[in-house]
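# Examination of the molecular architecture
Each chain, written out:
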Amino acid sequence: MSLWLAIYAGGFALVSAAIAVTRPNAVHALLYLVVMLLALAVAFFALGAAFAAVLLILIYAGAIVVLFVFVVMTLPISPESITRERAGLRGAWPLPLLLSVLILAPFLFGEFGIAGNTAAAPVSAQQVGRLLFGPWALAVELASLLLLAGLVGVRHIGRSDRSPGGRP
Amino acid sequence: MTGSDLIGMMILAAGLFAIGLFGVLARRGILFQLVALEVALSGPALAFVAAGAYHADPQGQGMLILVLTLAAAEVAVGLALLLRIRRTAGSDDSDVISGMKG
């Protein structure tokens, strides 16, 4: 019955996404985004796509969210925001409690077993690699070009105007 | 996994995309719009993986890797633009900077 786990985790990701896009605080939005990504990874795992699940955690929750955190760290923290944070903490527990109970539910009602057969025929990482470096080699090259263009673009946009030796 | 299960996963993916689209349209801070864009991109990712699992085909996960690459590049450029806009315009409200010309 692993398909139920996939649908359950997908619904969990839906709830977390709805919470994430409505938070007024940037750090809270990022934390709920991480919760959504982890739930999505569970759904992928239950669908037999273990490689995709690991990749989602490594790249999305590990690398992309860190980029966001770097930018959030450059935001100035005012004393008003700290007092507002402290006041908001009093009413901040229901949503995390709801998510924690939801994430515990499959374990409490042990009928969604992960062990055993998955919802669909599992697709191994070996198959994905054979696809990517065989018929899809051109797509991989295009993706690497996209990343290179992003790197050069960020270098260009983020350059300080007053840097010595840099063109204005 | 039957066809109706695939339709259920597709409905979940559509819901994720709709929530992300709502976030992009409703939020004003650029950082929140980028977060909502990530949510919106995860909808198609779920759709690709679910379809790949239904057909037992590795192409779904291959498309997910391309989506991940796109998201990484988009977030890097978007955050660099956010820092640049905050430095030049002094604001990260997308309504404030929507009036610029040229």
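Please read all numbers here as calculations on a predicted model, not as lab measurements.

This part takes up the overall build of chain B. If you tally the helices and strands in chain B, you get 3 helices and 0 strands. For chain B, whose C-alpha radius of gyration is 17 Å, the value lies well above the compact-globule estimate of 13 Å for 102 residues. Expressed along its principal axes, the backbone C-alpha trace of chain B runs to roughly 55 × 25 × 20 Å. For chain B, the proportion of its 102 residues judged to be buried stands at 53%. If you take every contact in chain B between residues at least 6 apart in sequence, the share linking residues at least 24 apart comes to 63%. Carbon and sulfur atoms make up 69% of the accessible area of chain B, which totals about 4,400 Å². Considering chain B, the positive charge centre built from 6 side chains and the negative charge centre built from 7 side chains are found 16 Å apart.

The next subject is the side chain of Glu38(B). In this fold, Glu38(B) is placed in helix α2 (residues 30-54). One buried charged residue, Glu38(B), remains without a salt bridge, the closest side chain of opposite sign being Arg27(B) at 15 Å. Apart from residues no more than four positions distant in its own chain, Glu38(B) is found in contact with Leu33(A), Tyr60(A), Ile64(A), Phe68(A), Ala71(B), Glu74(B) and Val75(B).

Turning next to the environment of Ile64(A). By the secondary structure assignment, Ile64(A) is in helix α3 (residues 50-73). According to the relative accessible area criterion, Ile64(A) is buried, its value standing at 3%. Between the C-alpha atom of Ile64(A) and that of Ala9(A), which follows or precedes it by 55 residues, the distance is 21 Å. If sequence neighbours within four positions are ignored, Ile64(A) has contacts with Ile59(A), Glu38(B), Ala71(B), Ala72(B) and Val75(B).

Ring pairs (aromatic) are described by centroid distance and by the angle formed between their planes. Across all of its chains, the model carries 0 aromatic pairs over all chains by this definition. It is Arg27(B) that lies over the ring of Phe32(B); its NZ or CZ is 4.1 Å from the centre.

Grouped together as the largest cluster of nonpolar side chains are 68 residues, with contacts concentrated most on Phe44(A) and Phe68(A). When residues of this core are traced back to their parent elements, those giving at least two are α1 (2-20), α2 (26-46), α3 and α6 (125-132) of chain A together with α1 (3-26), α2 and α3 (59-89) of chain B. When residues in this core are grouped by element, the largest group, 14 residues, is from α2(B). Split by domain, this core shows at least three residues from each of two domains, domain 1 (1-77) and domain 2 (124-158) of chain A. Those residues within four positions of Phe68(A) in sequence are excluded, and the remaining contacts are Leu30(A), Leu31(B), Leu34(B), Val35(B), Glu38(B), Val75(B) and Leu79(B).

Listed per partner, the contact involves 52 residues of chain B and 58 residues of chain A. Between chain B and chain A lies a buried interface of about 4,700 Å² when both sides are counted; carbon and sulfur atoms form 82% of it. Put simply, chain B and chain A have 0 salt bridges between them. Counting residues per element, the ones that place at least two in the side of chain B that touches chain A are α1, α2 and α3 of chain B.

Conventions we followed
Residues numbered from 1 in each chain as written. Chains lettered and ligands numbered in written order. Predicted model: local features only at pLDDT ≥ 70, side-chain atom pairs only at ≥ 80, totals over all residues. Heavy atoms only, no water. Helix = DSSP H or I, 4+ residues; strand = E, 2+ residues; numbered from the N terminus. Rg over C-alpha atoms; globule rule 2.2 N^0.38 Å. Buried < 20%, exposed > 50% of the residue type's maximum accessible area, 1.4 Å probe, protein only. Contact = heavy atoms within 4.5 Å. Areas by Shrake-Rupley, 256 points an atom, 1.4 Å probe, with all protein chains shown as cover. Lys, Arg positive; Asp, Glu negative; His and termini not counted. Charge placed at Lys NZ, Arg CZ, Asp CG, Glu CD. Salt bridge = Lys/Arg side-chain N within 4 Å of Asp/Glu carboxyl O. Phe/Tyr/Trp six-rings, centres within 6.5 Å; stacked < 30°, edge-to-face > 60°. Lys NZ or Arg CZ within 6 Å of the ring centre and 35° of its normal. Core = buried A, V, L, I, M, F, W, Y, C linked by side-chain atoms within 4.5 Å. Domains from an automatic or database assignment. Buried area = accessible area lost by both parts, 1.4 Å probe.

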